[in-house]
Amino acid sequence: DMKVTQMPRYLIKRMGENVLLECGQDMSHETMYWYRQDPGLGLQLIYISYDVDSNSEGDIPKGYRVSRKKREHFSLILDSAKTNQTSVYFCASSTGVNQDTQYFGPGTRLLVL
Amino acid sequence: QQQVRQSPQSLTVWEGETAILNCSYEDSTFNYFPWYQQFPGEGPALLISIRSVSDKKEDGRFTIFFNKREKKLSLHITDSQPGDSATYFCAASWYNQGKLIFGQGTKLSIKP
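Just so you know, these numbers come straight off a predicted model, no measurement behind them.

Student: Mind showing me how you'd approach the pattern of salt bridges here?
Tutor: Side-chain pairing between opposite charges can occur once the charged atoms of the two side chains come close. All names here are of chain A. Under the criterion given, the structure shown has 10 salt bridges over all chains. The salt bridge partner of aspartate 79 is arginine 65, with a shortest N-O separation of 2.6 Å. You can see aspartate 79 sitting in the loop between strand 8 (73–78) and strand 9 (87–94) and its partner arginine 65 sitting in strand 7 (residues 65–70), a full 14 residues away along the chain. Take arginine 65: its relative accessible area is 41%, and that puts it in the partly exposed class. Here the salt bridges do not stand alone but share partners, grouping Glu30, Asp51 and Arg71 into one network.

Student: Is there a simple way to think about a nonpolar patch on the surface in this case?
Tutor: Residues and elements named next belong to chain A. Together, Ile12, Leu111 and Leu113 give the surface a local cluster of nonpolar side chains, amounting to about 280 Å² of exposed area. When you line up the elements, leucine 111 lands in strand 11 (residues 108–112). What makes leucine 111 partly exposed here is its relative accessible area of 35%.

Student: Quick question: what am I supposed to make of the interface of chain A and chain B here?
Tutor: Each partner contributes to the interface: chain A provides 20 residues, whereas chain B provides 23 residues. Its largest share of buried area at the contact with chain B, chain A owes to Leu43(A), Gln99(A) and Phe104(A), together 34% of the area lost on that side. Seen at the junction of chain A and chain B, the total is 1 salt bridge. Across the pair Lys99(B) and Asp59(A) runs a salt bridge whose closest N-O atoms are separated by 2.5 Å. Linking chain A to chain B there are 4 residue pairs in polar contact (both at pLDDT 80 or more).

What counts, and where the lines are drawn
- Residues numbered from 1 in each chain as written.
- Chains lettered and ligands numbered in written order.
- Predicted model: local features only at pLDDT ≥ 70, side-chain atom pairs only at ≥ 80, totals over all residues.
- Heavy atoms only, no water.
- Salt bridge = Lys/Arg side-chain N within 4 Å of Asp/Glu carboxyl O.
- Helix = DSSP H or I, 4+ residues; strand = E, 2+ residues; numbered from the N terminus.
- Buried < 20%, exposed > 50% of the residue type's maximum accessible area, 1.4 Å probe, protein only.
- Patch = residues over 30% accessible without salt bridge, like charges linked within 9 Å, V, L, I, M, F, W, Y side chains within 5 Å.
- Areas by Shrake-Rupley, 256 points an atom, 1.4 Å probe, with all protein chains shown as cover.
- Contact = heavy atoms within 4.5 Å.
- Buried area = accessible area lost by both parts, 1.4 Å probe.
- Polar contact = N/O pair within 3.5 Å; in protein donor to acceptor, adjacent residues only side chain to side chain.

Given below as structure tokens:
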């Protein structure tokens, strides 16, 4: 059963706190992604990971960093969270990068106060 | 600058009617256009996709019409069902790149 999981599903943090969002997939996919979704803006790519320790910035990487030490696991880190990072964050994975289907997780709703 | 644009923002049709969702793009080098369907509280899921070498792609009640010259495409949902109520995202990408550029979405509501 192909699945992308995200933890936690809901998170409330205060401005300046550190945030760790975790993503896992059981499909041995090489490529993983972090997006954020805001009303009226669709999904915006934060980071893309081509494999373990092979990460590239997406369109809006500022204020975020990522870590991928195992193929099945991809983390998004917010150092000193800001209120404008309140959003819904989605992780996705795909077999490769050649226009392969991206499989999305259920999302993490983050509120930064 | 929004590279992929969708219209309308929201659309309501009656059950059994055809819903038409529109998408346009800026970059003529895009060559792959997936449509993703998202239900509330869930992540998006691939619904149907088309490559720029084709002008039409059908999958059951869902059809993409693609006009390369005008840089436009549309998703037609025939015999709309209440279960089709969701937000639909048009996206675009280049060959051999995983990065997808998403439109802002169209929220579709089907009235029974």
